[in-house]
Amino acid sequence: MNDWYRDVSRRRFLQVSAVAGAAVALGGVAAACTTGASKKTGTFNWMTWSDHYYDTQLDEIKKAADIGTNISELADNAEGFAKLKEVTGQLDMLSGDALWVPKNFDEGLVEAFDINSLAVSKQLYSIAREFEIWTKPAGYLGYPFGWSPIQIAYNPKFVSPAPDSWEVLLDPKYKGRIVVENQPVEVVAYMAKLAGIKDPYNMTDAELAQAKEALLRLKPNILKFAQQNTDTVAALVSEEAWLATSNLGAEDRVKDAGGSDVVTFIPKEGTIGWMDAEMIVKGGKNHDLIMPFLELAEQKEYIAENFIKYGRPLFNEGAYKILVDKGEQERADRYLYNKPETVLTMTLKGPGVSTDAAIRVFNEVFGA
Amino acid sequence: MVDPIQASHQPRARSNLTRGWPFLPAGVVLLVLFLLPMTVMVAFSLWRTNSDLDVVPDWTLDNYIYFFSEGTYVRTFLKTLIMAAAVTAAGIATALPFAYFLVRYVGQRWQRIVLLAVIVPFWTSYLLRAYAWQAILGEKGALNQFLMGIGLIDEPSRLFVYNDLSVWLVLLYVYFPFAALALYTALEKFDFNQLNAAQDLGARPDQAFRRILLPQIRPGVITACIFVFVPILGEFLTPTLVGGAQGALIANLIINFFRGLQYTTMAAFSFVIAGFVIVVLVIFRRYLRVEDVVARG
Amino acid sequence: MADGIDPLELMPVSRMARPLRALLRGWAGVVLGFLYLPIAFMVLFSFGESRTPGLPFRGPTLHWYQEMLSNGVLMEAVWTSIQLAAVATTLSTLIGTMAAFPLVRSGFRSAGAARIVFTLPIMLPGALIGIALLIFFRRALGVDLSFWTVVMGHIVFTMPFVVLIVSARLQGFDRNLEWAAADLGASPARAMRHVVLPLIAPAIVAGALISVTLSIDEFVITFFTVGPQSTLPTYIYTQIKFGVTPEVNAVATVLLLGTVLLLGLAWAAAGQARRLSRIFGRRRARERIG
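Predicted model, so just to flag it, every value in this text is computed and none were measured.

Participant: For this particular structure, what's the right way to read the overall build of chain B?
Facilitator: A count of helices and strands for chain B gives 15 helices and 2 strands. A burial count over chain B gives 57% of its 297 residues as buried. When contacts within chain B are restricted to residue pairs at least 6 apart in sequence, long-range pairs at least 24 apart make up 66% of them. With an accessible surface of roughly 12,600 Å², chain B has 64% of that area assigned to carbon and sulfur atoms.

Participant: Quick question: what am I supposed to make of the confidence of the model for chain C here?
Facilitator: Parts of the prediction with low pLDDT should not have their coordinates interpreted in detail. Mean pLDDT over chain C works out to 87, with 91% of the residues at or above the 70 mark. On the interface metric, ipTM, the complex scores 0.88, and its pTM is 0.89.

Participant: In this structure, what is going on with the interface of chain C and chain B? I would like to understand it.
Facilitator: Note: interface size is frequently given as the accessible area lost on complex formation between the parts. Listed as interface residues are 97 residues of chain C and, on the opposing side, 94 residues of chain B. Taken together, both faces of the contact between chain C and chain B bury some 9,200 Å²; the carbon and sulfur share is 79%. Of all residues in chain C, the largest losses of buried area upon contact with chain B belong to Met123(C), Trp179(C) and Trp267(C), amounting jointly to 7% of the total for that side. Applying the counting rule to chain C against chain B returns 1 salt bridge. No other element matches the 18 residues that helix 2 (residues 17–46) of chain C contributes to the side of chain C that touches chain B.

Participant: Please clarify how the pattern of salt bridges should be interpreted in this entry.
Facilitator: A side chain with one charge may pair with a side chain of the opposite charge, provided their charged atoms come close. According to the stated counting rule, one finds 30 salt bridges over all chains in the structure shown. Between Glu239(A) and Lys157(A) there is a salt bridge, and its shortest N-O distance comes to 2.8 Å. A residue pair is termed long-range when its members are at least 10 positions apart, and Glu239(A) in the loop between helix 7 (229–237) and strand 11 (243–246) and Lys157(A) in the loop between strand 8 (151–154) and strand 9 (178–181) qualify at 82 residues. We classify Lys157(A) as exposed; its relative accessible area is 56%. In this structure, Lys285(A) and Asp144(C) form a salt bridge, with 2.9 Å as the shortest nitrogen-oxygen distance.

Participant: I tried to follow the sheet that holds strand 8 of chain A on my own but got confused; where do I start?
Facilitator: Think of a sheet as strands paired side by side through backbone hydrogen bonds, with each pair either parallel or antiparallel. Residue and element names in this part refer to chain A. The strand order across the open sheet formed by 5 strands is 10-9-11-8-12, and the pairing between neighbours is mixed. With partners counted over all chains shown, the strands left at the sheet margins are strand 10 (222–226) and strand 12 (263–265), one partner each. Direction aside, neighbouring strands of the sheet carry axes that sit 25 degrees apart on average. Judged from the 2 bridges that link them, strand 9 and strand 11 form a sheet pairing that is parallel. Across the sheet, Ile 178 pairs through a bridge with Leu 243, a residue of strand 11.

Participant: Sorry if this is basic, but what is going on with empty space enclosed by the protein here?
Facilitator: The probe, sized like a water molecule, is rolled over the atoms to show the empty space still left. Tallying each qualifying case throughout the model produces 11 cavities of 30 Å³ or more. Taken as a whole, the second largest cavity spans an internal volume of roughly 150 Å³. What lines the second largest cavity is a set of 16 residues, and nearest its centre among them are Asn182(A), Phe225(A), Thr240(B), Ala248(B) and Asn252(B). Among the elements of the structure, helix 13 (355–366) of chain A together with helix 13 (237–242) and helix 14 (250–259) of chain B are those that each provide at least two residues to the lining of the second largest cavity. When residues in the lining of the second largest cavity are grouped by element, the largest group, 5 residues, is from helix 14 of chain B. Of the residues in the lining of the second largest cavity, the class split is 9 nonpolar, 6 polar and 1 charged.

Participant: Please clarify how unusual backbone geometry should be interpreted in this entry.
Facilitator: Keep in mind that most residues, glycine aside, have a negative phi and that most peptide bonds are trans. That bond from Leu55(C) to Pro56(C) is cis: its omega, -5 degrees, falls within 30 degrees of zero. Along the chain, the position of Pro56(C) falls in the loop between helix 2 and helix 3 (63–70). One non-glycine residue, Leu336(A), lies in positive phi territory at about 60 degrees. Looking at the element boundaries, Leu336(A) is found in the loop between helix 12 (329–334) and strand 14 (347–348). Even without being glycine, Leu261(B) reaches a positive phi, approximately 65 degrees. Within the secondary structure layout, Leu261(B) lies in the loop between helix 14 and helix 15 (263–283).

Participant: I keep staring at the interface of chain A and chain C and nothing clicks. Help me out?
Facilitator: Across the boundary between the two partners, chain A contributes 48 residues, which contact 50 residues of chain C. Interface of chain A and chain C: buried area, both sides summed, is about 4,300 Å²; carbon and sulfur atoms make up 55% of it. Put simply, chain A and chain C have 2 salt bridges between them. For Glu86(A), the salt bridge is made with Arg139(C), and the minimal N-O distance between the two is 2.9 Å. Looking at the side of chain A that touches chain C, the element that brings in the most residues is helix 3 (residues 77–87) of chain A, giving 6 residues. Taken together, the residues of the side of chain A that touches chain C break down into 16 nonpolar, 15 polar and 17 charged.

Participant: Looking at this structure, how should I read the side chain of Asn247(A)?
Facilitator: If you trace the backbone, Asn247(A) turns up in the loop between strand 11 and helix 8 (250–256). Given a relative accessible area of 8%, Asn247(A) falls into the buried group. A distance of 3.0 Å separates a polar atom in the side chain of Asn247(A) from a polar atom in the side chain of Trp274(A). When sequence neighbours within four positions are dropped, the list of residues in contact with Asn247(A) reads Ser148(A), Pro149(A), Ile150(A), Gln151(A), Trp274(A) and Lys241(C).

What counts as what
Positions within a chain are numbered from 1, following the residues in the order the chain's sequence is written. Key to labels: chains lettered from A, ligands numbered from 1, both in the order written. pLDDT decides what is reported in this predicted model: residues at 70 or higher carry local features, side-chain atom pairs at 80 or more are listed and counted, and totals for whole chains, interfaces and linings draw on all residues regardless. Side-chain metrics rest on all non-hydrogen atoms present in the structure, leaving aside hydrogens and water. Under the scheme used here, helices are H or I runs from DSSP no shorter than 4 residues and strands are E runs no shorter than 2 residues, and both carry numbers assigned from the N terminus. Using a 1.4 Å probe on the protein chains alone, a residue whose accessible area is under 20% of its type maximum counts as buried, one over 50% counts as exposed, and one in between counts as partly exposed. Contact between two residues is taken to exist if any of their heavy atoms lie within 4.5 Å; hydrogens are not considered. Using the Shrake-Rupley algorithm and a 1.4 Å probe, accessible areas are obtained, with residue cover drawn only from the displayed protein chains. pLDDT expresses how confident the predictor is about each individual residue, on a scale running from 0 to 100. Here the quantity called buried area is the accessible surface, traced with a 1.4 Å probe, that two parts lose on coming together, added over both. In the sections that follow, a salt bridge refers to a side-chain nitrogen of Lys or Arg positioned within 4 Å of a carboxyl oxygen of Asp or Glu. Here, strands pair whenever DSSP counts at least two bridges between them. Lines fitted to C-alpha atoms define the axes here, with helix axes fitted over just the stretch in contact, and angles between the N-to-C directions of these axes take values from 0 to 180 degrees. Each cavity reported here is a set of points on a 1 Å grid over the protein atoms alone in which a 1.4 Å probe fits but cannot get out, each pocket an open set with protein on both sides within 12 Å along at least five of seven lines, and each lining residue one with an atom within 4 Å of a point. Grid points are joined across faces, edges and corners, and a volume is the space filled by probe spheres set on the points. Gly is put with the polar residues, along with every residue not named as nonpolar or charged; the nonpolar set is Ala, Val, Leu, Ile, Met, Phe, Trp, Tyr, Cys and Pro, and the charged set is Asp, Glu, Lys and Arg. Polar contact is defined as a pair of N or O atoms within 3.5 Å, subject to the rule that within protein one atom must be able to donate a hydrogen and the other to accept it, and that residues adjacent in sequence are counted only when both atoms are side-chain atoms.

Okay, structure coming up:
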C-alpha cells in the first residue's frame, strides 16, 4: 500500500507543476492590471494617522473633484520612514512629524514644493509657512497640519503643591502613580529636559549619564507605560495614576470618561513636542493628484471640523475664526490654537545622533 | 527485523522528488519567503547602524557582544524563559483537563461547538481584550469590587495588575486556546477503551493514566508546549499593557531598538534568542522525533 | 451520550468516575468563564458614552455603532482583514497539511532538522520577519506591495503551526487502516480521502483555527507587507496619539456576533444536510431493493 502521493509519476508531476506555475503567473498579471487601473479613477495612496482626515471630508472631495484616497495607517515615524524607503512610488503622500520631514527629504524620498502656489496656504498662520526646518532652497517640505506639546497632567486631589516642573515626576511621594508613554527615546528626552540638556535627541555621553540618573529616580514612580492614549486616560480616570505625560487634551478626555478634574501644564524647563505635515512622495504614481487634493482638503471648514472631532491645535488660522463663531473658542484657546509660536519653544521630535544610546540607557534602566 | 507483511506493502521507492512532492509548496514558502529574507537579516546583525539611522555594511560582531556584555539583556532573557515556562506549565495544566473532559464526556457535535466557543473570542482585537483585563484587575476594577463585595478585602488592592502576576495571567489567557487545540487533537485519537481494559486488568486509574494515556498523547503535549513556550519569547504587547514598569520581557527590549530604527541590533538579539531555542530543541531532539514509528499496531 | 443513556451507567467504572466527571465539568465551566470574562467587558464598553473605552460605565448608547457604520476606512479595513485571514488560512492549511505527510512518513533523514526549521518563524519576532520581507519583496523581487504580499507574509508564520499540529497527529497513525483499505481494493487516493483525511481532520481543523486566530490580529508583519490598504489591526494599533474609541469595540462586537451567527447557520445546515442525506439514502436503498 503506497502513500497516496508516492504513486505520482514524473509526467503527472510535471503537468501539475506547469499548471500551478501558469496559475501563479496569471495571478501576477491580474494583480499588475489592477494596480494600473487605479490610476485612471483618480485615487492616490496616503499613509497617515487617522486624525488627519475624516470620512465626510473624503467623500465630499471625491464627489467634488473625483479624487479618492487609499488610506494606509501610520503608527510611528520611524516605521513609516522605513516603509517609505522601500516602497517609494507606491505611496503618494506621507504624513510625518517635525524633524522626520527633512530626514525624508535628505534621503531623497519626498520632494520640496512651492507652498505659496497653493491658494489654501494663505489660510495658514504665516509662521507655519516659514518654519526653518522645513525650508529648503528647492521649496517647502510639507504642508503643515497640526501640533502638540507634551504636557504633564495631574490630579489635584492627590498632587500638591501644584507642580510646574518635570521634577514632580521624580518625587518619591508619587511612587507607582505615574504613567508615561511607551516611547523610550521620548522618556529619556523628558529626563534630559529636566536636567537642562539643550538637545535631548543629540546628547553627548556625559549628558546621557545625567539623563540616566534622572531616569533611575523616575523608575519606581512609574505605574506603567502607556501603549496608547487610552491607557493614560483610563489610569487617570480610575485614579490609579495621579500624574501622566500626554498630548494636549488629556483633561477633556478624562472628564469625558467620567473621571475627576485633571490639571495640565507645560513644565517650566521646556517640553518635547511634535508638529506634523503632509509630505509629497518623490515619484509617486499618482503624484499629480496631491496638490489638487490639498487645495480642497486643507480648507478651513474641514480643519475646523477636524479640531472639533480630535481636539488638538492645527495650523489653519482661518479655521480658528470658524471655531470662534461656533462657540469653540474656550476649548481652542485652552489648546493654544491661536498660539502656534509655541512650537518654537518646544524641542521637536525627530531622529538624532543619540537615538541608539538613549534606547540603550532606557533598556538598562527598565530591563531586568 | 522487518515484518514481511509490512514489507510487501511497501513499494519500491521512486525518486526522491515524487516521494516528497507534497512537501514542495511548504518548502518553497520556507526557502523563498523565509530563509532567503533571513539571510539579509543575518547580514544586518553583523553590520551596524550609523548616526543617520542607515544600515552600513561594516562587518562587526559588536551587536552580539553587546547582548552579553550588558547584563540587563541576559537577565531579562532569563526572566522571559522563566515566565514562558510558568505559562506553559499552567497552560498544559489547565488545558489538559479541559480537553480531556471535551473528548471523553461530550458528544461529537458539542465538541466542535465548544472548541469554536473557545477560539472565537480570540478573533477579536487583542488590544481590546487587554484593556478589558485592565478594567477587571485594576484598582477600581471588577475583581476588586467583587472581593470587597464578598468581604474578603476591605480596600482595593493594587496587586492584581501591572506586575509579573498579571503578565502571567494574561499570557495564560492568550495562549490557552493554542494549548487546548493541540491537546484536543492528541486526545481525540486516543482509544479510551484502553483505560477500561487496564483497569479490568487491575491497574489503578492514575496508573492507567500515567502509563497508557500520557505516552500516547506525548506528541500532542510537546506540540502544545511549543505553541505556548516559543511565541512567548517574542511577546512584547502583553508586558507593556499589563506588566507595569518592571514588566519588560526580552522582546520589549528588542522592540525598543526596532522603534529606533536600530535594525542591526534587533536582528542580532533576535538571532541570539532563536539560537538558544534551536540549541535546546537540538539537545532534546530525541523527544521531538517526528518520523513514524511504523511498527505500532 | 447520543442515545441519551449516560455511558457511565453501562461501563464498569471506578468509584472515582462520577465525581471526576462532575469536577471536570465544573472546570470546563470555569475555563469558559475565564475566556469570556474580558469579552463581556469588551462588549459592555462598546455601549459606553465616553470616548475612551473603560470603567466607569455610563450609558448605554448606540452612538459608537453609528460612528462605526459611517467610518468608511474602518469598514474597508475589516473587510480586508476578513479576506486576508480567509485566503491566508486556506493556503496555509493546505500547504501545511501536505507538507506534514512527507515529514512524518518519507523517512527523510533530515526530518528532525526540517521540523526545527519550521519552528523558526515562530521563534523570531514578527518585526524581524516583516522588515525582512519588505526588503526582500522590494529589492530582491522588485514587486509592489499588495494584498498578495501580505498573504504571503501571513502564510510564513501561520504555516508552521499547521505543520506541527498535523504532523503530531500523523505520528503514530495506525497504518494498518490504510493497508486494510488497500486490501479491500481502495486506491491510495481513495484511502486518503475516506480513511486518512477524516481521521486527521481534527488536526487540520485545529491548524486552520489557529491560523485564523494568528492572522486576524497580526499587526507588525502586516504593516510592512501591506500595500496602500488598511486592515483592522493596523487601524487599531495606530491610534496611538489619541487612543481607540469604542467604535473599535463596536466593530469587535459585531464581528463576534457575525461569526457566531455564521457558524451557527453552518452547523444547522450541516445537521440538516445529514438528516436529508439519511432520508434520501434510505429511499434510494429501498428503491434498489424493492
